[in-house]
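Below, each chain spelled out in residue letters.
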Amino acid sequence: MNLTERINVALALPGVPVSVMENPTDSGKINKFIVIIPENDDITYADDKPLDFVEGAALQLYCKGNYLGFRDEVTNALIAADITISSRRYMEYEQDTGYHHYIIEVAGVN
C-alpha cells in the first residue's frame, strides 16, 4: 500500500473529507477537510542496489474554529498507523475563507 492509501485509511475520520491535490468541491460548506500533496518519492541504496522506497507528503489541514483539537486528532491517527511525522506547522488564518491552515509533513517506507 502506498503512502497516500495509508493516509486515507488512517484518516477515515467522521465528517472530514480527504482528497489528493484538490480542495473538496463543497469546501465552503464544511468545517474541516484535508488535502494530501504528494511531495517526494525517494530511493535509498545499499551496495548500489535499491534498498527502500520512501514517500513523502504534506497534509494540508483546513479547519474553521479551534484547529488544535483537529491537529491532535490527525496526529494521533497518523501515529497509530505508523506513519512518520517529520514536521508540523501553522501556516495562516485565511480571512477570505475563515479556515485555519495547518501543515503536517509525513513520510513512509513503501
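Preceding this section is the structure that the text describes.
Bear in mind that the values here come from a model prediction, so they are computed numbers and not experimental data.

Reading the values: rules and limits
Residues numbered from 1 in each chain as written. Predicted model: local features only at pLDDT ≥ 70, side-chain atom pairs only at ≥ 80, totals over all residues. Heavy atoms only, no water. Salt bridge = Lys/Arg side-chain N within 4 Å of Asp/Glu carboxyl O. Helix = DSSP H or I, 4+ residues; strand = E, 2+ residues; numbered from the N terminus. Expected span 1.5 Å × (residues − 1). Buried < 20%, exposed > 50% of the residue type's maximum accessible area, 1.4 Å probe, protein only. Arc of directions from axis to C-beta. Contact = heavy atoms within 4.5 Å. Pairing = 2+ DSSP bridges. Polar contact = N/O pair within 3.5 Å; in protein donor to acceptor, adjacent residues only side chain to side chain.

Undergrad: What's the story with the pattern of salt bridges in this structure? I'm lost.
TA: When the charged atoms of two side chains lie near each other, side chains of opposite charge can form a pair. Evaluation of the coordinates by the stated rule reveals 3 salt bridges. A salt bridge links glutamate 105 to arginine 89, with the shortest nitrogen-to-oxygen separation between them at 3.3 Å. Remark: arginine 89 occurs in strand β4 (residues 84–94) and glutamate 105 occurs in strand β5 (residues 99–109); sequence separation between them is 16 residues. If you follow the salt bridges from partner to partner, you end up with Arg71, Asp72 and Arg88 in one network.

Undergrad: Please explain the environment of glycine 15 as it appears in this structure.
TA: Relative to the elements of secondary structure, glycine 15 occurs in the loop between α1 (3–10) and β1 (18–20). A C-alpha to C-alpha distance of 17 Å links glycine 15 and histidine 100, two positions 85 residues apart in sequence.

Undergrad: I'm lost on helix α2 (residues 68–80) in this one. Help?
TA: Three- or four-residue spacings in an α-helix give side chains the same orientation, since the helix completes a turn every 3.6 residues. Taking 1.5 Å of rise per residue, 13 residues should cover 18 Å, and α2 covers 18 Å from first to last C-alpha, within 8% of that figure. Taken together, the buried positions of α2 are Phe70, Arg71, Val74, Thr75, Ala77 and Leu78. Axial view of α2: buried residues confined to an arc of 165 degrees, hence all on one face. Residues Asn76, Ile79 and Ala80 are exposed on α2 and point more than 90 degrees away from its buried face. Those residues of α2 that are buried are in contact with α1, β2 (32–46), β3 (49–63), β4 and β5. Just past α2, the residue aspartate 82 takes up positive phi, approximately 60 degrees.

Undergrad: Even after reading the chapter, I still don't get the pairing of β2, so can you show me in this structure?
TA: For a regular strand, the rule is simple: side chains alternate between the two faces of the sheet. When β1 meets β2, the two strands line up parallel, connected through 3 bridges. Of the residues in β2, the one forming a bridge with valine 18 is isoleucine 34. As defined by bridge partners, β2 adjoins β3 across 14 bridges and the pair is classed as antiparallel. Paired with threonine 44 across the strands is aspartate 52, a residue of β3. If you look at the hairpin formed by β2 and β3, you'll find 2 residues sitting between the two strands, and aspartate 47 has a positive phi there, around 55 degrees.

Undergrad: Is there a simple way to think about the side chain of histidine 101 in this case?
TA: By secondary structure assignment, the location of histidine 101 is in strand β5. With relative accessibility at 7%, the residue histidine 101 sits in the buried group. Within the structure, histidine 101 has its side chain in polar contact with the side chain of glutamine 60 (distance 2.5 Å). With near-sequence residues (within four places) excluded, histidine 101 lies in contact with Gln60, Leu61, Tyr62, Tyr90, Met91, Glu92 and Glu94.

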